[in-house]
Amino acid sequence: MTTDSTKIRVRFAPSPTGYLHIGSARAALFNWLYARHMGGTFLLRIEDTDLERSTEEATQQILTSLDWLGLTPDEPVVYQRQRADRHKEYLDRLLTEGKAYKCYCPKERLEELRGKARTDGRIFAYNRAMLEPGEMEKYEAAGGSFVIRILAPEGETTGFDDMVYGRIDVENANIGDFVIARGDGSPLYNFTNVVDDIDMGITHICRGEDHVSNTPKQMLIYNALGATPPRFAHLPLILGPDKQKLSKRHGATGVMEFKEKGILPQALVNYLSLLGWAPPEAEFNEIMPLDEIVSKFSLDRVKKSPAVFDHEKLQWMNGMYIREMPKSKIYELVIPTLKSRFAVNSELASEEWLHSIIDLAIERSRTLSDFADNLSYFFEAPAEYEEKASKKFLGNSEQISQFVESAGVLDNAWAATPTPTTGPIDEWCGAMEAAVRTWSDARGYKFGNVMQPIRLALTGRTASPSLFHVMALMGREEVARRISACATRLSATAQ
Ligand code: GLU
């Protein structure tokens, strides 16, 4: 791997132990944005050395999720597992140079030291100087097992300037000689992470705040290896609206779950970019196309305080994105969701008809799945009617006979004015409305009170797009069938 030292190189380094969490996706995005803004390179490393917890399925899910979000790496994916030789090389080097050592101290002795620190009220961080002179040699001679620890230089402090949190210094005495590899030579997280970042020429590490405590340890490894450490930017936590750590309780947390819920990747990217970052006040605009986010993005404007993930707000933003899309794109995305949910008979449901019903739902849909919810009545006659409204509008026999009469008026008007088979239907809707209005005015009925029972009969609901548009697309026969089914059903319970 070659590196141009003036060029920014960042990476996203997930462990494939589960689906891609929305918090990790935010870290991936911030790295990607930084790379794009700086003209740098965005890399992906799958940290799959934990053989017990890593799975191929999780790796695939991470790749698919990143691809869906558009966060594809600029170079081939690096798999940590394939780099074992390099890890061993670096480990051997530290051992040869005396910067790491085999520690034979048995567990019981460690426990004793830990207990003593607890009694004295001190933080416990092991270092070999805590043992008596000759004690380690004694354990080694006894042929006990060992681990490999790095030597944290005594009396020194290790620190770094975090691009978000500022200076963070920790005394080596509080870091201790921590374990970098097991006795069988298999290296641990902090070590492999550093070795790979060095080899990949990473200049900036942008990752969750939960890693802050690892960073001083990693700085010790960079120093021991004589490598220039990258700059670090830790990202604030993501909380739910109740200010608790974001979890399943708050709703979807896996990137693919958002896709299934009908969230658009561009809306999710826009929403995630504002979780912990915002452009200067004067340029702030919640809906920002990607190229605008890229041009404004900077790590200096990442905030320290936790970000709150609000599903409602994401849905609102998604709705805005839907309404800005060309209709042809909306059809392309929504038709498959309708076909997967309903038996869409291609003879009855022509493409043109599908487009027309989708048009009716655009204003009311915030996600792609909302379209299917909002349009379900076109595919399935209502199985029930909203209870409160059916009591209010169709609760007694008088109301039912008025409803049946209005349906007759409607059907007569329809017979006189057939629905146009091509072109706009607004004029037809106007003519139908006028016919119903003339009748309701003559009878002294409120127009709304006449239409609401019809809406219930056709959709089962009290809210829908313009009812005459719905009727035109549902067809005269189906409208008549639903009205009569509703009248029959509600007569049975009417007083
Ligand atoms: N594999 C680590 C994680 O998924 C990487 C952390 C890092 O970015 O350094 O948390």
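Residues numbered from 1 in each chain as written. Predicted model: local features only at pLDDT ≥ 70, side-chain atom pairs only at ≥ 80, totals over all residues. Heavy atoms only, no water.

Caption draft 1: A look at the overall build of the chain. Check the secondary structure of the chain and you find 21 helices and 12 strands. Seen through its C-alpha atoms, the chain measures out along the principal axes to roughly 105 × 50 × 45 Å. Within the chain, the proportion of its 495 residues that are buried is 48%. Restricting the contact set of the chain to residue pairs at least 6 apart, pairs at least 24 apart contribute 75%. In the structure as shown, the chain presents an accessible area of about 24300 Å², 50% of it carried by carbon and sulfur atoms. Computing the positive centroid from 58 side-chain charges and the negative centroid from 68, the chain places the two 3 Å apart. (Helix = DSSP H or I, 4+ residues; strand = E, 2+ residues; numbered from the N terminus. Buried < 20%, exposed > 50% of the residue type's maximum accessible area, 1.4 Å probe, protein only. Contact = heavy atoms within 4.5 Å. Areas by Shrake-Rupley, 256 points an atom, 1.4 Å probe, with all protein chains shown as cover. Lys, Arg positive; Asp, Glu negative; His and termini not counted. Charge placed at Lys NZ, Arg CZ, Asp CG, Glu CD.)

Caption draft 2: Spotlight on the packing of aromatic side chains. All told, the structure shown has 12 aromatic pairs when counted by the stated rule. An angle of 55° between the planes, with centres 5.8 Å apart, marks the rings of Phe 258 and Phe 309 as tilted. One end of the pair, Phe 258, is in helix 9 (residues 255–260); the other, Phe 309, is in the loop between strand 12 (307–308) and helix 12 (311–324), and 51 residues separate them in sequence. The exposure class assigned to Phe 258 is buried, which follows from its relative accessible area of 1%. Taking the relative accessible area as the measure of exposure, Phe 309 reaches 0% and is therefore buried. Centre to centre, the rings of Trp 353 and Phe 379 are 5.8 Å apart; their planes meet at 85°, and the pair counts as edge-to-face. (Phe/Tyr/Trp six-rings, centres within 6.5 Å; stacked < 30°, edge-to-face > 60°.)

Caption draft 3: Structural view of the nonpolar core. If you look at the biggest cluster of nonpolar residues, it comprises 114 residues, and the most contacted ones within it are Phe 309, Ile 357, Ile 358, Phe 378 and Met 471. Counting residues per element, this core draws most heavily on helix 1 (residues 22–38), at 10 residues. Residues contacting Ile 358, with those up to four places away along its chain left out, are Ile 330, Tyr 331, Val 334, Ile 335, Leu 338, Phe 371 and Leu 375. Listed in part, the 30 residues of the second largest apolar core include Phe 160, Ile 168, Ile 202 and Leu 225. (Core = buried A, V, L, I, M, F, W, Y, C linked by side-chain atoms within 4.5 Å.)

Caption draft 4: Fine view of the side chain of Gln 80. Locating Gln 80 in the fold gives a position in the loop between strand 3 (78–79) and helix 3 (84–96). When its relative accessible area of 1% is taken as the criterion, Gln 80 is described as buried. Separated by 2.8 Å, the side chains of Gln 80 and Thr 49 make a polar contact. In this structure the side chain of Gln 80 is engaged in a polar contact, spanning 3.4 Å, whose partner is the side chain of Thr 192. For Gln 80, the residues in contact, after removing those within four places along its chain, are Arg 45, Ile 46, Glu 47, Asp 48, Thr 49, His 87, Thr 192, Asn 193 and Asp 196. (Polar contact = N/O pair within 3.5 Å; in protein donor to acceptor, adjacent residues only side chain to side chain.)

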